[in-house]
Amino acid sequence: MYKLLFLLFFVAAACTSKEPIPQGPDILALKEISDLATVEYTITKIIKANDNKTWFKVGNRKILMSCEGTIKAGVDLSLLTKDDFVINDTSINLRLPPPKIISLNIPPEKIKVEYQEIGVFRDPFKTQERDELAAQAENQIKNSLNELGILEQAKANTSLFVSNFLHQLGYRNIIITYGNSSSKIQLP
């Protein structure tokens, strides 16, 4: 009878023992991710130009170009330090760096002339002029980033990713804040 009670006590003790919650080093494994891109937007910008307003030029010269760019935003986890988290049993408070634009890329093959009208007495648009229009499109995309809400979406997606990661490590009460709550966009 004592052997059976001892066996039951041993089995019950084995079932109730918990694995210890990882402290520090496993959480700092997030640093190895470095730039965690959690949002990717594809934006198409249309640029039109003409120079028909000059009185001494005869004929029309118009162009319509499209530029497709990819924007990635997320958080630079390489900036995490052990001072950025406070652990209390199964609770953790984690302060992440603010979200940022990781990349803005407009590949040359995604810049297309959609329409062009050139009068008989006019020269076609030069490569330099088309490049200037593409640069104008890039600047307009950069200026519209605040309106897109890309950083807020990056913050929400990063919080979800990191919460799931910490939950798998055994934490049950997870509070995530962002160091600098500035919403100003900084481009790479």
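Everything below is about the structure shown above.
Residues numbered from 1 in each chain as written. Predicted model: local features only at pLDDT ≥ 70, side-chain atom pairs only at ≥ 80, totals over all residues. Heavy atoms only, no water.

**Digging into the packing of aromatic side chains**
A ring pair, where both rings are aromatic, is described by two values, the distance of the centres and the angle of the planes. Note the cut-off: Working definition: a ring pair exists when centres of Phe, Tyr or Trp rings (six-membered ring for Trp) sit within 6.5 Å. Plane angles under 30 degrees give stacked, over 60 give edge-to-face, the rest tilted. Two conditions define a charge sitting above a ring: the NZ of Lys or the CZ of Arg must be within 6 Å of the ring centre, and it must be within 35 degrees of the ring normal.
Under the criterion given, the structure shown has zero aromatic pairs. Here R61 stacks its cationic end above the ring of F125, 4.1 Å away from the centre of that ring.

**Some remarks on the environment of V162**
Stated precisely, the cut-off is as follows: Secondary structure counts use DSSP, requiring at least four H or I residues in a row for a helix and at least two E residues in a row for a strand, with both numbered from the N terminus. Contact between two residues is taken to exist if any of their heavy atoms lie within 4.5 Å; hydrogens are not considered.
For V162, the position within the fold is in helix α4 (residues 150–168). Linking V162 and L30, residues 132 residues apart in sequence, is a C-alpha distance of 8.5 Å. Not counting residues up to four positions away in its chain, the partners in contact with V162 are L30, L94, L96 and I176.

**Section: the nonpolar core**
Generally speaking, soluble globular proteins have nonpolar side chains that are buried together. For the record, the criterion: To define a nonpolar core, start from buried Ala, Val, Leu, Ile, Met, Phe, Trp, Tyr and Cys residues and group those joined through side-chain atoms within 4.5 Å. The cut-offs for exposure are 20% and 50% of the maximum accessible area for each residue type, with area from a 1.4 Å probe on protein chains only; residues under the lower value are buried, those over the upper are exposed, and the others partly exposed.
By size, the foremost hydrophobic cluster in this structure holds 20 residues, and its most contacted members are I71, A73, I101, I141 and I150. Residue assignment for this core shows that the elements contributing at least two residues are β1 (35–50), β2 (61–76), β5 (100–105), α2 (127–143) and α4. At five residues, the largest contribution of residues to this core is made by β2. The contact partners of I150, leaving out residues within four places of it in the chain, are V39, Y41, I71, A73, I101 and L145. By size, the runner-up hydrophobic cluster in this structure holds 15 residues, among which are L36, L77, L80 and F85.

**Let's talk about α4**
Convention followed: For a helix, the expected span equals 1.5 Å multiplied by the residue count minus one. As used here, the arc is the angular range of directions from the helix axis to the C-beta atoms.
Compared with the 27 Å implied by 1.5 Å per residue over 19 residues, the 27 Å span of α4 between its first and last C-alpha is a close match. Considered for burial, the residues of α4 that qualify are I150, L151, A154, T158, S159, V162 and L166. The buried residues of α4 occupy an angular sector of 165° when projected down its axis, which confines them to one face. Away from the buried face of α4 by more than 90 degrees, exposed residues L160 and Q168 are located. Buried residues in α4 make contact with β1, β2, β4 (91–96), β5, α3 (145–148) and β7 (173–178).

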